[in-house]
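# Structural characterization, general
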Amino acid sequence: MKNLLFTISGILSLVYVTINTLIWTIVALTPIILLKLLLPFKPVKNILGRVATGIGSYWVFWNNFGMCASNKIEVIVEGDEQLDPNLWYLVICNHQSWVDIPLLQRVLYKKVPFIKFFLKKQLFWVPILGTAWWALDFPFMKRYTLDQIRKNPNLKTKDKETTRKACEKFKQRPVSIMTFVEGTRFTPEKKQKISSPYTHLMRPKAAAIGLIMTNMQETLNSIINVSICYPEGSQEIWPFLCGKLKKVVIKIEKVDIDDHLKGDYYNDPVYKKNLQRWINQTWVEKDAFLKANTIQK
């Protein structure tokens, strides 16, 4: 009987999120998409970008409302008192599950500017959502294999140029630039495959932070270091929608951007090395937080 109730809850939550998404993406964002295509002028696109961000905020608000109503999760948040929705932030976080994203949107909603992600180029072709993310000015990054780069070395600079253009847009109004530094979700199998030195984390990668810092260091006000811990183990999106997730502990640390975090990641090997060292130390502390809050089985 209990499993049946969980399943019904999951179906209702999925229907709600789907309907809410369709309303805000098809009904509200379609006019913005058409206007951006028909009037590709910078001043017009800037105005449309602001309108789209406002629509995106309502989309997140009603998603949060539905999930709070259907999921009685105990969310313990530490350290979010000094955030400001009128400033620019780089948000870094560990990544264990797709549940991380709605949780981040829930705990940071209205405390920071609208969160924007760098997305894989292939996600543009996801029906409905792809064009919605495009309307919201989410940057799309195309990943190239080492073999492709060897055959065409010019591809190596593509990510740099995409990041530079995205950051120019981000400078126009306050934004939270979100990056999962590990580049993939954590699993014990992946951890073992890459010989990660951490208990609950994959190895962090400096490239995404370095490219953003190089282009945004004079605009960004702070880095927000978020650690998400599922005390009983991470869960995927379906158990989350069913209401099986009972507790989450989230630590939010605001990091000042001082001189050792500023530099040219493209051309300064010393800065590149120091940034990786800082990220590694941050991950050591993050791993300790996860260890302290995870129930040992």
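Just so we're clear, the structure is a prediction, and the values are computed from it rather than from any experiment.

Tallied over the entire structure, the rule returns 6 salt bridges. Across the salt bridge formed by Arg164 and Glu161, the nearest N and O atoms sit 2.6 Å from each other. Taken together, the residues Arg164 and Glu161, both in helix 7 (residues 158-170) and 3 residues apart, mark about one turn of the helix. What makes Arg164 partly exposed here is its relative accessible area of 34%. Judged by its relative accessible area of 33%, Glu161 is partly exposed. For Glu168, the salt bridge is made with Lys171, and the minimal N-O distance between the two is 3.2 Å. Owing to a relative accessible area of 38%, Glu168 belongs among the partly exposed residues under this scheme. Residue classification places Lys171 among the partly exposed residues on the basis of a relative accessible area of 32%. Each of Lys36, Asp137, Lys169 and Arg173 takes part in a single network of salt bridges with overlapping partners.

Looking at the second largest pocket, its volume works out to about 1,300 Å³. Taken together, 45 residues make up the lining of the second largest pocket; nearest its centre are Asp137, Phe138, Pro139, Lys169 and Phe170. For the lining of the second largest pocket, the elements supplying multiple residues, two or more each, are helix 2 (30-38), helix 3 (42-70), helix 4 (100-108), strand 3 (115-117), strand 5 (140-141) and helix 7. Split by residue class, the lining of the second largest pocket holds 21 nonpolar, 8 polar and 16 charged.

On to the packing of helix 1 (residues 2-28) against helix 3, then. In the contact formed by helix 1 and helix 3, the axes pass within 10 Å of each other and the chain directions differ by 170°. Relative to helix 3, the element helix 1 is oriented roughly antiparallel. For the pair helix 1 and helix 3, the contacting residues are Ser9, Ser13, Tyr16, Val17, Asn20, Thr21, Trp24, Thr25 and Ala28 in the first and Ile55, Tyr58, Trp59, Trp62, Asn63, Phe65, Gly66, Met67 and Ser70 in the second. Residue composition of the contact of helix 1 with helix 3, grouped by class: 10 nonpolar, 8 polar and no charged.

Moving on, we come to the side chain of Asp287. As for its position among the elements, Asp287 is in helix 11 (residues 269-293). Once you skip the residues sitting within four places of it in the chain, Asp287 turns out to touch Tyr198, Thr199, His200 and Leu201.

This part covers unusual backbone geometry. Positive phi is not limited to glycine here, since Lys110 has a value of about 70°. Mapped onto the elements of the fold, Lys110 is located in the loop between helix 4 and strand 3. Phi angles above zero are rare outside glycine, and Ser195 is one such case at about 55°. Along the polypeptide, Ser195 turns up in the loop between helix 8 (188-194) and helix 9 (207-216).

Below, the discussion takes up the sheet that holds strand 7 (residues 222-229). Consider a sheet: its strands pair through backbone hydrogen bonds, and that pairing is either parallel or antiparallel. Read from one edge of the open sheet, 6 strands run 1-8-7-2-6-3, paired in mixed fashion. In this open sheet, the two strands that pair with only one neighbour each are strand 1 (74-78) and strand 3. Mean inter-strand twist for the sheet, computed between neighbouring axes without regard to direction, equals 25°. In this sheet, strand 8 (residues 247-256) lies alongside strand 7 in antiparallel orientation, the contact comprising 8 bridges.

Rules used in this analysis
- Residues numbered from 1 in each chain as written.
- Predicted model: local features only at pLDDT ≥ 70, side-chain atom pairs only at ≥ 80, totals over all residues.
- Heavy atoms only, no water.
- Salt bridge = Lys/Arg side-chain N within 4 Å of Asp/Glu carboxyl O.
- Helix = DSSP H or I, 4+ residues; strand = E, 2+ residues; numbered from the N terminus.
- Buried < 20%, exposed > 50% of the residue type's maximum accessible area, 1.4 Å probe, protein only.
- 1 Å grid on protein atoms, 1.4 Å probe; cavity = no way out; pocket = protein on both sides within 12 Å on 5 of 7 lines; lining within 4 Å.
- Points joined across faces, edges and corners; volume = space filled by probe spheres on them.
- Nonpolar A, V, L, I, M, F, W, Y, C, P; charged D, E, K, R; others polar.
- Axes fitted to C-alpha atoms, helices over the stretch in contact; angles between N-to-C directions.
- Parallel < 35°, antiparallel > 145°, perpendicular 65-115°, else oblique.
- Contact = heavy atoms within 4.5 Å.
- Pairing = 2+ DSSP bridges.

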